[in-house]
Amino acid sequence: MLLTRHARERLVKRLAKRRKLERIYSELWAFLDRSRRIDVNERVVIFTDGRKSLVCAKLECERLSLEEIKERVSGISRAYECVFFDGRTARETVPGKFLEEIPDGTYCFYLNKEKKSLYLGSEEPLLVITIRPAKREERNLS
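The rules we used
- Residues numbered from 1 in each chain as written.
- Predicted model: local features only at pLDDT ≥ 70, side-chain atom pairs only at ≥ 80, totals over all residues.
- Heavy atoms only, no water.
- Buried < 20%, exposed > 50% of the residue type's maximum accessible area, 1.4 Å probe, protein only.
- Helix = DSSP H or I, 4+ residues; strand = E, 2+ residues; numbered from the N terminus.
- Pairing = 2+ DSSP bridges.
- Lys, Arg positive; Asp, Glu negative; His and termini not counted.
- Salt bridge = Lys/Arg side-chain N within 4 Å of Asp/Glu carboxyl O.
- Contact = heavy atoms within 4.5 Å.

### Things to note about the pairing of strand 6 (residues 80-84)
For strand 6, the tally of buried residues reaches 5 of 5 residues, placing the bulk of the element in the interior. Residues Y80, C82 and F84 point to one face of strand 6 and E81 and V83 to the other, with burial holding for every one of them. Where strand 6 meets strand 7 (residues 89-93), 5 bridges bridge the pair, whose relative direction is antiparallel. Residue pairing across strands places V83 opposite A90, the latter belonging to strand 7. Hairpin connection of strand 6 to strand 7: 4 residues between the antiparallel strands, including R88 at a positive phi of 50°. In this sheet, strand 9 (residues 117-121) lies alongside strand 6 in parallel orientation, the contact comprising 4 bridges. By the bridge assignment, V83 is partnered in strand 9 with Y119.

Below you can see the structure in the form of structure tokens.
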């Protein structure tokens with residue numbers, strides 16, 4: 001999962017209470033563990049715990065081996081927001097250094113050079129748009 005600037009601010013206000021990237025993602029993953037997924041349509045997904053809802057958009061990704069991913073990011077020397085979904089790791093660091101800690105395998109790979117974000121995981125990436133109070137129909141689902 002990657003965050004928009006708005007979503008990051010909402011998560012700090014409603015869940016994390018601190019601005020450290022690791023803390024924000026830690027609270028985000030804890031929220032995902034206690035919530036259920038609602039697929040609204042082919043592009044929008046909502047995660048809700050009955051009180052709060054996380055609104056996400058699906059992002060297009062490529063399935064690549066770790067070696068191919070390392071080749072793609074080899075020229076990047078600036079810090080990116082790097083997220084490894086399977087290992088629940090999120091850090092702001094140089095992508096090449098971040099990939100050294102990732103086990104070999106084939107992953108969904110998403111890189112946004114404009115926003116300086118990198119995603120790796122077995123599932124396709126989601127972009128968190130916002131977190132908001134749950135609507136009535138989201139509270140009543142079981």
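### Some details on the side chain of K52
As for its position among the elements, K52 is in strand 4 (residues 52-58). Of the side chains with opposite charge, D49 comes closest to the buried, unpaired K52, at an N-O distance of 5.9 Å. Aside from chain neighbours lying at most four places away, what touches K52 is R14, L15, F31, F47, I131, R132, P133 and A134.

By themselves these figures say nothing about function.
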